[in-house]
Amino acid sequence: DQRLAIGTIADGGFAEYLEVPARGVVHGYLVRIPDALSDDEAALCEPLACVINSQNIARVGSPDIVVVIGGGPMGLIQAVTARARGAACVIVVEGSEKRVEMIAAANLPIDELVCSAREDPLAGVARAAKGRPVDVVINAAPSLAAVELAFKMLPKTGRISLFASVPKDNPSLPIDVNNIHYR
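Residues numbered from 1 in each chain as written. Predicted model: local features only at pLDDT ≥ 70, side-chain atom pairs only at ≥ 80, totals over all residues. Heavy atoms only, no water.

Within this model, the largest pocket holds a volume of roughly 1500 Å³. It is helix 3 (residues 45-58) that provides the largest number of residues to the lining of the largest pocket, a total of five residues. Its residues assigned to classes, the lining of the largest pocket shows 20 nonpolar, five polar and five charged. Estimated volume of the second largest pocket: approximately 160 Å³. Around the second largest pocket sit Ile-69, Gly-70, Val-93, Glu-94, Gly-95, Ser-116, Ala-141, Pro-142, Ser-143, Ala-145, Ala-146 and Leu-149, which together line it. Mapped by element, the contributors of at least two residues to the lining of the second largest pocket are strand 2 (89-94) and helix 7 (144-153). A class-by-class count of the residues in the lining of the second largest pocket yields seven nonpolar, four polar and one charged. (1 Å grid on protein atoms, 1.4 Å probe; cavity = no way out; pocket = protein on both sides within 12 Å on 5 of 7 lines; lining within 4 Å. Points joined across faces, edges and corners; volume = space filled by probe spheres on them. Helix = DSSP H or I, 4+ residues; strand = E, 2+ residues; numbered from the N terminus. Nonpolar A, V, L, I, M, F, W, Y, C, P; charged D, E, K, R; others polar.)

Glancing now at the sheet that holds strand 5 (residues 159-162). Strand order in the open sheet formed by five strands is 3-2-1-4-5, and the pairing between neighbours is parallel. With partners counted over all chains shown, the strands left at the sheet margins are strand 3 (112-115) and strand 5, one partner each. Neighbouring strand axes in the sheet, compared pairwise and without regard to direction, differ in orientation by 15 degrees on average. One ladder, built from four bridges, connects strand 2 with strand 3; its direction is parallel. Counterpart to Val-93 in the pairing with strand 3 is Val-114. Most of the contacts of helix 6 (residues 121-128) go to strand 3, to which it runs at about 165 degrees, and overall it touches strand 1 (65-69), strand 2 and strand 3. (Pairing = 2+ DSSP bridges. Axes fitted to C-alpha atoms, helices over the stretch in contact; angles between N-to-C directions. Contact = heavy atoms within 4.5 Å.)

A separate point is the pairing of strand 4 (residues 136-139). Residues Val-136 and Ile-138 point to one face of strand 4 and Val-137 and Asn-139 to the other, with burial holding for every one of them. Judged from the four bridges that link them, strand 1 and strand 4 form a sheet pairing that is parallel. Following the sheet pairing, Ile-69 is matched in strand 4 by Asn-139. Looking at chain direction, strand 4 and strand 5 are connected through four bridges and run parallel. Bridge pairing links Val-137 to Ile-160 in strand 5. Read from strand 4 through helix 7 to strand 5, the crossover connection turns out right-handed. (Buried < 20%, exposed > 50% of the residue type's maximum accessible area, 1.4 Å probe, protein only. Right-handed = clockwise from strand over helix to strand, strands pointing away.)

We now examine the environment of Glu-94. Mapped onto the elements of the fold, Glu-94 is located in strand 2. A sequence separation of 85 residues divides Glu-94 from Ile-9, and the C-alpha atoms of the two residues are 30 Å apart. A polar side-chain atom of Glu-94 sits 2.9 Å from the main-chain amide nitrogen of Ser-96. (Polar contact = N/O pair within 3.5 Å; in protein donor to acceptor, adjacent residues only side chain to side chain.)

Helix 7 sits mainly inside the fold: seven of its 10 residues count as buried. All of the buried residues along helix 7 are Leu-144, Ala-146, Val-147, Leu-149, Ala-150, Phe-151 and Met-153. Check the buried side of helix 7 and you find it contacts strand 1, strand 2, helix 6, strand 4, strand 5 and helix 8 (177-182).

Structure (structure tokens):
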């Protein structure tokens, strides 16, 4: 309850310089970056830490089939991290055709890209997973439609990570509670 998030509660985060409140210093908000780490690499430490934390909670690993909804920067970090943790199959669902082309050109360790603008994402994931049920669905897209899709993809005993936030002015989604209870 006493956390002070720099960049959300306190100004800063992406500024060249920022004043860290005293309580942030006392509580260890500053981390020394090793000299061997480049600025570009260091800039990814916090996003990667968030991804690792979410995947620890979702227990991502071998031999999981993992679906990541959203092919933005955080979704791609989720996908690459899932592969590094031993996921047997990593599928990314993305709605932007342009972004799908960029991801495909990047040669990332992703087994399948499903473009939801071209095909039904549920059918695309089923095809990519070769009919096997997915183990983990990670929502990395900040929309209610993506959250709804994540629940539709989730089979019995599947795990879900609602990683991305949703719009603060419309955060509610009608949920079929029986779907959650029975599946």
